[in-house]
Amino acid sequence: MSENKVVAYYDSIADNYDESRFNNSYGHFIDAEERTILNQLIDTSKDELRLDMACGTGRLTNYATHGLDASQEMMSYAKKRHQNVEFRNASACDTGFSDESFDVVYSFHLFMHLDQDTIKDLFREVHRILKPGGRLIFDIPSKKRRRLLHHRQASWHGGTELTVDDVRKLTCELYYLRRKYGIMMLPVHKLPVGIRKPLIKVDYTLANSVIKEYSSYLVFELVKL
């Protein structure tokens, strides 16, 4: 899928994206686990520059000083939510920011839409705009989980999955892997709606145990070399 088609897709759903994706028990579940991880990795009281890459409608932009998205329609909602954040409409692979601009770049629900060649380009671009020792935080569907369940994504949407070893191979010359986390071990979409919220902490504990690579998503913290 070309970037233009991906952007066109997100432009077309911007008006109801938050309502349809996150204003439900499944969306609350994944949002809570993502925030648990970001709360551990990002201290917003620090005097540093942080970029929410592919910020979308700004769901997680409260951790950032800057936001970037290729979809102008999605980002228009982020601007309304976060008026103290500086936004830029640009591709994640060609941000236009100066070299060594940011202390932290984080990105959720982006890498899973990209093929591996594009992911490599993105890693290089983030490396360029990170300060020495800067950090990249991102999520990706777990290949081991999908293989275990014999799941193959039929479209570009969430079509890319990686293992921990895959990430190390793709990034070894640019970053080192400091920490990794899991998100959603339980089959949340199959659980009764009424018990989903009480199980968030249980699920997070399971997803960050010795079997974390079998969580639905993996979150990586990479440090620029």
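Each remark here, short or long, concerns the structure printed above.
To keep things clear, this report deals only with the structure shown in the data block.

What counts and what doesn't
- Residues numbered from 1 in each chain as written.
- Predicted model: local features only at pLDDT ≥ 70, side-chain atom pairs only at ≥ 80, totals over all residues.
- Heavy atoms only, no water.
- Helix = DSSP H or I, 4+ residues; strand = E, 2+ residues; numbered from the N terminus.
- Rg over C-alpha atoms; globule rule 2.2 N^0.38 Å.
- Buried < 20%, exposed > 50% of the residue type's maximum accessible area, 1.4 Å probe, protein only.
- Contact = heavy atoms within 4.5 Å.
- Lys, Arg positive; Asp, Glu negative; His and termini not counted.
- Charge placed at Lys NZ, Arg CZ, Asp CG, Glu CD.
- Core = buried A, V, L, I, M, F, W, Y, C linked by side-chain atoms within 4.5 Å.
- Disulfide = S-S within 2.5 Å.
- Patch = residues over 30% accessible without salt bridge, like charges linked within 9 Å, V, L, I, M, F, W, Y side chains within 5 Å.
- Areas by Shrake-Rupley, 256 points an atom, 1.4 Å probe, with all protein chains shown as cover.
- Salt bridge = Lys/Arg side-chain N within 4 Å of Asp/Glu carboxyl O.
- Arc of directions from axis to C-beta.

1. A short note on the overall build of the protein
Looking only at helices and strands, the protein features 9 helices and 7 strands. Against the compact-globule benchmark of 17 Å for 225 residues, the protein has a radius of gyration of 17 Å, which places it among compact chains. Each principal axis of the C-alpha distribution contributes one length, and for the protein these read about 45 × 40 × 40 Å. Expressed as a percentage of the 225 residues in the protein, the buried residues total 52%. A separation threshold of at least 6 residues defines the contact pool for the protein, and within that pool the share at least 24 residues apart is 70%. Put simply, the protein has 32 plus and 31 minus side-chain charges, and the middle of one group is 6 Å from the middle of the other.

2. Concerning the nonpolar core
Counting 59 residues, the largest nonpolar core has Met53, Tyr106, Phe123 and Leu136 as the members making the most contacts within it. Setting aside residues up to four positions removed in sequence, Phe123 forms contacts with Phe111, Leu136, Phe138, Leu170, Thr171, Leu174, Tyr175 and Leu222. Counting 5 residues, the second-largest nonpolar core is a separate cluster that includes Cys55, Ala78, Val85 and Phe87.

3. Structural notes on the environment of Glu73
Note on placement: Glu73 falls in helix α4 (residues 72-81). For the pair Glu73 and Asn89, spaced 16 residues apart in the sequence, the C-alpha separation amounts to 9.8 Å. Residues within four places of Glu73 in sequence aside, it is in contact with Asp11 and Ala14.

4. What to know about the state of the cysteines
By the definition in use, this model includes 0 disulfides. A disulfide-free cysteine, Cys93 has its sulfur positioned 15 Å from the sulfur of Cys55, the nearest such atom. Unpaired in terms of disulfides, Cys172 finds its nearest cysteine sulfur in Cys93, a separation of 19 Å. Cys172 gets classed as partly exposed once you look at its relative accessible area, which sits at 49%.

5. Considering a nonpolar patch on the surface
Judged by side-chain polarity, Leu148, Leu149, Val210, Ile211 and Tyr214 come together as a nonpolar surface patch covering roughly 530 Å² of accessible area. Residue position: Leu149 is located in the loop between α6 (143-148) and α7 (164-171).

6. Focus on the pattern of salt bridges
Throughout the structure, instances matching the rule amount to 17 salt bridges. One salt bridge connects Glu34 with Arg59, and the closest N-O pair in it is separated by 2.8 Å. Taken together, the residues Glu34 in helix α3 (residues 25-41) and Arg59 in the loop between β1 (50-53) and β2 (66-69) connect sequence positions 25 residues apart. A salt bridge links Glu48 to Arg50; its shortest N-O distance comes to 3.7 Å. Taken individually, Glu48 and Arg50 each receive the classification buried, so the pair is uniform in this respect. Connected through shared salt-bridge partners, Asp31, Glu34, Arg35 and Arg59 make up one network.

7. As for helix α1 (residues 3-13)
Of all the residues in α1, the buried ones are Val6, Val7, Tyr10 and Ile13. Along the axis of α1, the buried positions cluster into a sector of 135°, meaning they face one direction only. The exposed residues of α1 that point more than 90 degrees off its buried face are Asn4, Lys5 and Ser12. Here the buried face of α1 lies against α2 (17-22) and α4.

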